[in-house]
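Take a look at the letters that make up each chain.
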Amino acid sequence: MKRVALITGGTRGIGFGIATQLAKDGFNLAVNGTRPEEAVQAAIDELKALGATVIYCRGSIASSADRKNMISSVREHYGALHILVNNAGIAPRERKDILDATEESYDEVMTTNLKGCYFLTQQAANWMIEQKQNDTAFSGCIINVSSISATVASVNRGEYCLSKAGLSMATQLFAVRLGEFNIPVYEVRPGIIRTDMTAGVKEKYDKLIGEGLCVQQRWGEPEDVGKVVAALAKGDFLYSTGQVIMADGGMTIPRL
Ligand code: NAD
């Protein structure tokens, strides 16, 4: 039977890049997003055309009730979950200097990017432990999509940087906790990827990339991140739990 992967925010951008690669690599999918089903139908159809069974689990990872529903839908439909990809995330609605930024924006970004991933992971982890205890051949893994912002300070989106730094520690915490069950937990750290999230700052990054910001002088594409996640999900890095894999075109290599 095909292994099952749940990808949050999987209907567009990086999440869709991940879902596409996982479908190509033989996984069945549960794809989460906040938009109504009609709005994501084309994306779901594209994934199905790659040979995967796909269910759409509509809901916000920022909501406790929605997170529970998401896991219940996967349980009802597939009766199993092997891979959780915590991809959904938001940038602040407005980039504001940390001297002016608001508590509302802080709460929104942290609740989605950190609390949402943390507690969805908790649920998935408990279910994965149960599956492992029922079947020693069960092979699960959890992959968090953070950002170079986990370590690179941008003072005009402090709450985003904090959320990603927190997600980085969450990766290590769950890696440690799930070690005894042989369920690896990884963090993938994208750099500048061409998606809706970065569409509004395209010109700024076109210029910076042209000036050599990244060692590999191009934008990253969702597919670049999808291939990394799929390699992890397939089990090519089984003895590397807790590790960070960069997908940033060498942008964060210290240079002189
Ligand atoms: P995007 O805005 O294009 O897509 C994000 C997806 O997440 C969308 O499908 C959106 O509907 C979904 N989403 C947002 N809030 C949600 C919620 N509360 N519940 C469920 N789904 C929700 O963004 P993207 O660029 O594809 O980003 C994906 C992830 O990669 C994010 O976590 C982001 O922080 C991270 N990232 C992006 C970049 C980049 O340059 N684009 C760089 C580093 C990290």
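Above this text is the structure in question.
None of the values given here were measured: they were computed from a predicted structure.

About the thresholds
Residues numbered from 1 in each chain as written. Predicted model: local features only at pLDDT ≥ 70, side-chain atom pairs only at ≥ 80, totals over all residues. Heavy atoms only, no water. Core = buried A, V, L, I, M, F, W, Y, C linked by side-chain atoms within 4.5 Å. Buried < 20%, exposed > 50% of the residue type's maximum accessible area, 1.4 Å probe, protein only. Contact = heavy atoms within 4.5 Å. Phe/Tyr/Trp six-rings, centres within 6.5 Å; stacked < 30°, edge-to-face > 60°. Helix = DSSP H or I, 4+ residues; strand = E, 2+ residues; numbered from the N terminus. Pairing = 2+ DSSP bridges. Lys, Arg positive; Asp, Glu negative; His and termini not counted. Salt bridge = Lys/Arg side-chain N within 4 Å of Asp/Glu carboxyl O. Near = heavy atom within 4 Å. Polar contact = N/O pair within 3.5 Å; in protein donor to acceptor, adjacent residues only side chain to side chain. Areas by Shrake-Rupley, 256 points an atom, 1.4 Å probe, with all protein chains shown as cover. 1 Å grid on protein atoms, 1.4 Å probe; cavity = no way out; pocket = protein on both sides within 12 Å on 5 of 7 lines; lining within 4 Å. Sits in = over half its atoms within 2 Å of the grid points. Axes fitted to C-alpha atoms, helices over the stretch in contact; angles between N-to-C directions. Parallel < 35°, antiparallel > 145°, perpendicular 65-115°, else oblique.

Chemist: Explanation requested: the nonpolar core in the structure shown.
Modeler: In a soluble, globular protein the nonpolar side chains are often hidden away together inside. By size, the foremost hydrophobic cluster in this structure holds 33 residues, and its most contacted members are I18, L22, L29 and I143. Those residues within four positions of L22 in sequence are excluded, and the remaining contacts are A5, I7, F27, L29, V85, A230 and A233. With 31 residues, the next largest nonpolar core counts L114, C117, I129 and L167 among its residues.

Chemist: Sorry, what's going on with the packing of aromatic side chains here?
Modeler: Two aromatic rings, taken as a pair, are described by how far apart their centres are and by the angle between their planes. All told, the structure shown has three aromatic pairs when counted by the stated rule. Consider the rings of Y118 and F119, whose centres lie 5.1 Å apart with planes at 90 degrees: the pair is edge-to-face. Their ring planes at 65 degrees and their centres at 5.6 Å tell us that Y118 and F174 sit as a pair that is edge-to-face. With Y118 in helix α4 (residues 103–134) and F174 in helix α5 (residues 158–178), the pair connects residues that are 56 residues apart, well separated along the chain. Accessibility expressed as a relative area gives 13% for F174, which makes it buried. Among the aromatic side chains, those forming a connected cluster through ring pairs are Y118, F119 and F174.

Chemist: Could you clarify how one ought to interpret the pairing of strand β1 (residues 4–7) in this entry?
Modeler: Consecutive residues of a regular strand have side chains that alternate between opposite faces of the sheet. Residue alternation in β1 divides its side chains into two sets, V4 and L6 and A5 and I7, and both sets are buried. Alignment of β1 against strand β2 (residues 28–33), held across four bridges, turns out to be parallel. Opposite I7, over in β2, you have V31 as the bridge partner. Two strands pair when backbone bridges link them, and β1 and strand β4 (residues 83–86) are joined in this way by three bridges, in the parallel orientation. Within the sheet, the bridge partner assigned to A5 lies in β4 and is I83.

Chemist: Quick question: what am I supposed to make of the side chain of R67 here?
Modeler: Its location among the elements puts R67 in helix α3 (residues 64–78). This buried residue, R67, is left without a salt bridge; D66 holds the nearest opposite charge, at 8.5 Å. Not counting residues within four places of it along the chain, the set of residues in contact with R67 comprises S60, I61, A62, G116, F119, L120 and Q123.

Chemist: Please explain the site of the ligand as it appears in this structure.
Modeler: Within the structure, the ligand sits among 28 residues, and R12, I14, N87, Y160 and T195 are positioned closest to it. Between an oxygen atom of the ligand and a main-chain N or O atom of I14, the distance comes to 2.8 Å. Residue T195 places a side-chain N or O atom 2.5 Å away from an oxygen atom belonging to the ligand. Taken by itself the ligand offers 820 Å² of open surface, and the protein chains cover 94% of this. Applying the majority rule of atoms within 2 Å of the grid points places the ligand in the largest pocket.

Chemist: Explain the packing of helix α1 (residues 13–24) against helix α2 (residues 37–48) here, please?
Modeler: It is at 9 Å that the axes of α1 and α2 come closest, and there the two elements cross at 25 degrees. Here α1 lies roughly parallel to α2, going by the angle between them. Residues F16, A19, T20 and A23 of α1 lie in contact with α2, whose contacting residues are A43, E46 and L47.

Chemist: Quick question: what am I supposed to make of the side chain of T11 here?
Modeler: Topologically, T11 is positioned in the loop between β1 and α1. Polar contacts involving the side chain of T11 include one to the side chain of R35, which spans 3.0 Å.

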